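An overview of the molecular structure
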Amino acid sequence: MTEAVLPPPATVAIRPLVAGNWKMNGAKQGLEEALAIRDALAVNVVAADVMICPPATLLMVMAEILAAEAENATLQLGGQDCHVAMAGAHTGDVSAEMLQDAGATAVIVGHSERRVDHAETDGMVRSKAAAAHRAGLAAIVCVGETAGERRAGLTLAIVGRQLAGSLPDGAKAANTVVAYEPVWAIGTGLTPTPTDVAEVHAFIRQALAARYGGEGTQMRILYGGSVKPENARQLMAVANVNGALVGGASLKAKDFLGVVAAYAI
Ligand code: PEP
């Protein structure tokens, strides 16, 4: 008997995400920047979801202001990290449920600064991503090699190890985003070439598809590391780049909107 030849799966366009990571920056005056971003998005339609991940201190007030001033707020909010537990004796930590309660729809986990500053392992990042899913948040899981690892030709090995160890089983396209952030590109003004970005993103896509099947083909893969208005269009045009995770350039509405403009309709 000859095997039935199935038609190739219909490719569903992936809606990009541009997420701004404010890190440990921003006080109440930062709210004006968020409002400016939201107001610009109300009049300039972009083919992307747009998100700000402010410090936890600003999350709730930002959610309230954005919701109060626009019925159809198009600016989403995310956290920058979460504890694995729902609640309890963990002084100084914030749970995924608390972030959700404050108005977040997503949380960054495994950012290289946390992997270094807080000795977070792939296993810890995986538990945090699972905690995000438990709370109904999307997990934005960061991976990326150091300069030394790239020089040693280990980029794909490192990214592959981080992906395998940091992503929980059962992850779905709706609740999981991978951010490829070469550590050496973060905050330095350096970026990989589009060819290098394409190579790593194709590798990540393959790994996601192999592990999660159709869900893996639809997960968003963001590029992060010195994305600015000047380079956003070129980087966002690379195959399998489904948006950006933006640090420094997300702090000012003008710069962040310049990055978002890569997806102007
Ligand atoms: C980041 O830290 O996630 C980041 C991408 O920073 P920057 O854009 O400043 O390089």
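Anyway, here's the lowdown on the structure attached to this text.

What counts and how
- Residues numbered from 1 in each chain as written.
- Predicted model: local features only at pLDDT ≥ 70, side-chain atom pairs only at ≥ 80, totals over all residues.
- Heavy atoms only, no water.
- Helix = DSSP H or I, 4+ residues; strand = E, 2+ residues; numbered from the N terminus.
- Buried < 20%, exposed > 50% of the residue type's maximum accessible area, 1.4 Å probe, protein only.
- Core = buried A, V, L, I, M, F, W, Y, C linked by side-chain atoms within 4.5 Å.
- Contact = heavy atoms within 4.5 Å.

This part is about unusual backbone geometry. One non-glycine residue with positive phi stands out, namely Ala119, at about 50°. Following the sequence through the fold, Ala119 ends up in the loop between helix 4 (112-117) and helix 5 (122-134). On the basis of relative accessibility, which here comes to 54%, the residue Ala119 falls in the exposed class. A positive phi angle, near 60°, is found at Ser226, a position not held by glycine. Tracing the backbone through its elements, the reader meets Ser226 in the loop between strand 7 (220-224) and helix 10 (229-236). We classify Ser226 as buried; its relative accessible area is 11%.

Counting residues in hydrophobic clusters, the biggest one holds 66 residues, and the most contacted among them are Met62 and Ile204. Once residues lying within four places of it in the same chain are set aside, the contact partners of Ile204 are Val143, Val159, Leu163, Val178, Tyr180 and Ile221. If you look at the next biggest cluster of nonpolar residues, it comprises 13 residues, including Cys53, Cys142, Ala179 and Leu222.

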